[in-house]
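Commentary on secondary and tertiary structure
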Amino acid sequence: MIELEGVPELIDPVMVAAFEGWNDAGDAASTAVAHLEREWKGEVFAALDAEDYYDFQVNRPTVFMDGGVRKITWPTTRLSVVRVGGEKPRDLVLVRGIEPSMRWRSFCNELLGFAHELGVELVVILGALLGDTPHTRPVPVSGVTSDPDLARRMDLEETKYEGPTGIVGVLQEACTHAGVPAVSLWAAVPHYVSQPPNPKATLALLNRLEDLLDLRIPQGELPEDARAWQVGVDQLAAEDSEVAEYVQTLEEARDTAELPEASGEAIAREFERYLRRRDVGPPGGKPRPPAAGGVSKEEDEDSPED
């Protein structure tokens, strides 16, 4: 059961959600929401009842010591609110948890009831999947929606995926049927280096979220962590000739696919996006003009499952 007591009236709220598990390759999506909580000092104010949705033999609770007293942390989904400052402040409702073990429809309905109570205007769900993408290139991030009008208005792909899905896909469809605008952002993580963390994929998701919501997210140590991660993977690949050859094959395939995008207009668009992202502004975000043009070349990939 969700408790809403103590939550202030929100300004243009957007819900941003991520779930550990099948939808979260390299922990990239859940780490992105954790980064938002940390950088904007979000405080958890509500949690779903773990008994309703989790199998504790699959997601076990953990025991910890607090001032000499043993306590238990139960696996669940928690909610917090952060305010993004600037000329036009707005609130983000952050949802971070674990993909539920059961009762997915009830789980989504409870989150949607919460979104309705707080007047959430848009739901953005972050995910990450394993793909045939080289670690040496920009991380592909696809923005997809089931709403044709939203796809046109926000320059997103209308999903055509058919097949197995996770809680990200189920929640997005629940939003659609409830009349709540919803978008999923998917980062592709190299399948040959899938173990977490993957700060490069996390950073790519946050950059795409910046563009989608037209705000500036403080990056903290993520850029440095992403560079260190790539150097580490470079070194590992160099030690195995088969891996190095495979990475080169992926690079060639990626570069060939993107060659038509290497126009002067596309390059100028990417440079403009880079400059906007590096704008200096007050902590908590600075409103910026919308992105010119469409989806960037690193985002213009085949749409993943929703």
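In this report, the structure presented in the accompanying data block is examined. The residue numbers shown here count from 1 along each chain, following its written sequence. The model is predicted, so local features are restricted to residues of pLDDT at least 70 and side-chain atom pairs to those at 80 or more, both for listing and for counting; the totals for chains, interfaces and linings are taken over all residues. Only hydrogens and water are set aside when side-chain values are computed; all heavy atoms of the structure are taken into account.

Here we take up the overall build of the protein. Numbering of helices and strands runs from the N terminus; a helix is a DSSP stretch of H or I covering at least four residues, while a strand is a stretch of E covering at least two. Helices and strands together make up the secondary structure of the protein, namely 9 helices and 10 strands. Here the protein holds 306 residues, and 48% of them are scored as buried. Here the analysis covers contacts within the protein between residues at least 6 apart in sequence; of these, 79% occur between residues at least 24 apart. Method for areas: the Shrake-Rupley scheme with a 1.4 Å probe, in which residue coverage is limited to the protein chains shown. If you sum the accessible surface of the protein, you get close to 15,300 Å²; carbon and sulfur atoms cover 52% of it. Here's how the labels work: a residue is buried when its accessible area is under 20% of the maximum for its type, exposed when over 50%, partly exposed in between, all with a 1.4 Å probe on protein chains only. Any two residues whose heavy atoms approach within 4.5 Å at even a single point are treated as in contact.

Attention now moves to the pattern of salt bridges. One side-chain nitrogen of Lys or Arg within 4 Å of one carboxyl oxygen of Asp or Glu is enough to make a salt bridge. One pass over the structure, following the stated rule, counts 6 salt bridges. Residues Arg-83 and Asp-91 are paired through a salt bridge, measuring 2.7 Å at the closest nitrogen-oxygen approach. Given the relative accessible area of 43%, Arg-83 is considered partly exposed. In this structure, the salt-bridge partner of Arg-137 is Glu-251, at a minimum N-O distance of 3.8 Å. Of the two residues, Arg-137 is situated in the loop between strand S7 (122-131) and strand S8 (141-145) and Glu-251 in helix H8 (residues 241-258); the sequence distance between them amounts to 114 residues.

Below, the discussion takes up the environment of Asp-24. Mapping Asp-24 onto the fold places it in the loop between strand S1 (14-20) and helix H1 (28-39). With 75 residues separating them along the chain, Asp-24 and Glu-99 place their C-alpha atoms 9.5 Å apart. When residues no more than four places from it in sequence are discounted, the contact partners of Asp-24 are Phe-19, Ala-29, Ser-30 and Ala-128. The definition of a polar contact used here is a pair of N or O atoms within 3.5 Å, where within protein one atom must be able to donate a hydrogen and the other to accept one, and adjacent residues in sequence count solely through side-chain atom pairs. Among the polar contacts listed, one links the side chain of Asp-24 to the backbone nitrogen of Ala-29, at a separation of 2.8 Å.

Read these as layout, nothing more, since geometry by itself doesn't imply function.
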